[in-house]
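Geometric and topological summary
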Amino acid sequence: MKPSTLDIKIEKAKNSKISQVDFNNLAFGSIFSDHMLVCDYKNGAWESPKIVPYGPITLQPSAKIFHYGQSIFEGMKAYKDVDGAMWLFRPIDNHKRFNISASRMAMPEIPESHFMEGLKALLKLDEKWIPEIDGSAMYIRPFMFASGEGFHASPADEYKFIIALAPSGAYFSGSVKVLIEEKYSRSANGGVGYAKTGGNYAGQFHPTQLAKLKGYQQVVWTDDHTHENIEEAGAMNIFVRIGDTLITGPTSDRILDGITRKSILQIAEANAIKTEVRTLTVTEIVEAAKNGTLKEMFGAGTAAVVSPISAFGYKGEDYDLPEIENGYADLMKKTITDIQYNRAADNYGWRYGIDI
Ligand code: PLP
Ligand code: COI
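An account of the accompanying structure is given in this report. (Residues numbered from 1 in each chain as written. Chains lettered and ligands numbered in written order. Predicted model: local features only at pLDDT ≥ 70, side-chain atom pairs only at ≥ 80, totals over all residues. Heavy atoms only, no water.)

**Considering the packing of aromatic side chains**
Within this structure, the stated rule accounts for 18 aromatic pairs. Seen in terms of ring centroids, Phe98 and Phe161 are 5.5 Å apart; in terms of plane orientation they differ by 70°. Their pairing is edge-to-face. Of this pair, Phe98 sits in helix 2 (residues 91–104) while Phe161 sits in strand 9 (residues 159–168), and the two are 63 residues apart along the sequence. Judged by relative accessible area, which is 0%, Phe98 ranks as buried. Taking relative accessible area as the criterion, Phe161 reaches 0% and is therefore assigned buried. Linked through ring pairs, Tyr41, Trp46, Phe98, Phe115, Tyr159 and Phe161 together constitute an aromatic cluster. Looking at Lys177, its charged tip hangs above the ring of Tyr216, at a distance of 5.0 Å from the centre. (Phe/Tyr/Trp six-rings, centres within 6.5 Å; stacked < 30°, edge-to-face > 60°. Helix = DSSP H or I, 4+ residues; strand = E, 2+ residues; numbered from the N terminus. Buried < 20%, exposed > 50% of the residue type's maximum accessible area, 1.4 Å probe, protein only. Lys NZ or Arg CZ within 6 Å of the ring centre and 35° of its normal.)

Pasting the structure below:
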């Protein structure tokens, strides 16, 4: 193990809550481990991270997070293999994206040492909380928000970085029915769509609630200008298979540069699957659904892994996707999870050992 360069003080929880947890029936992101990592940014610098019992934090009502929404987060997972070793998946990419989000929201970047050493120390302390059941994992939520005070509409001078851990089961149970959005937008050119910032998600809740009332679980976001170009599916990147070609939209300042998305593109290439990264239109998928060439649609993301889409709704019509055996979604999910849980060789260099 590399020597730690940070002095991470640990205050242990007096009593562990772990005996209250039913690891066989884990929901997604709704119970939290015994500890969290907390790190404050004050006087222009990050202090040393501390590990403390998971619990409430105190903030002034004038903290800028409440008023101007300076907040960012990441989503990662830790996995245990059959021998009990702990693994992460491409965590340095999450750190890099965290700082991309920070910079867009005029927040201070966090050094890789604080992020990675803090995370590893936290996971080692709460190691027993990492589920050992297939399909479950430790969902990791690093986040940062403006704790500095003031009603002046300008960036805060103090921030809090926290990592909390939630042993989690699947994000979706089964396949997903989606509604292609014709009115609302998730993001716009020059906006913050590519940043993992809270408001991006809050803005999705109302349109998603409306879609749920109509019987859909997620919204497929289209471009804000024409609503003709397919962009993302809820909090996932979206892939469409027409014939034998796998298509996804290009990343832009409207679309999150998903780590699962870019992994899928690499896996496709390694499996000689033809891919196209290009603008994908609603007209094209409706046409493909009608003429039978639309074979698969799926969402991709850390929380949801690879989630097949069973049907999409558009302009009052539903288009069902036939169930397909050994589809691209199955291949992608298997390849990714086999690497994540250390069940297969990792030819890509994505698996990251926590003890290394
Ligand atoms: N798109 C959005 C809006 C997301 O919130 C996420 C989740 O992180 C993704 C895509 C997928 O990204 P990743 O695969 O890095 O988790
Ligand atoms: C993730 O996939 O990790 C995300 O951040 C999505 C989240 C909104 C649950």
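Read on for the rest.
**Some details on helix 2**
The terminal C-alpha atoms of helix 2 lie 20 Å apart, and with 14 residues this matches the ideal 20 Å at 1.5 Å per residue to within 8%. When we look at burial in helix 2, the residues that qualify are Pro91, Asp93, Asn94, His95, Arg97, Phe98, Asn99, Ser101 and Ala102. Ala106 lies just past helix 2 and shows a positive phi near 55°. (Expected span 1.5 Å × (residues − 1).)

**Side note on unusual backbone geometry**
Positive phi values are uncommon outside glycine, yet Asn43 reaches one of about 50°. Here Asn43 lies in the loop between strand 2 (35–42) and strand 3 (45–46). On the basis of relative accessibility, which here comes to 78%, the residue Asn43 falls in the exposed class. Although it is not a glycine, Val305 adopts a positive phi angle of roughly 55°. Counting through the fold element by element, Val305 comes out in strand 17 (residues 305–314). Val305 gets classed as buried once you look at its relative accessible area, which sits at 14%.

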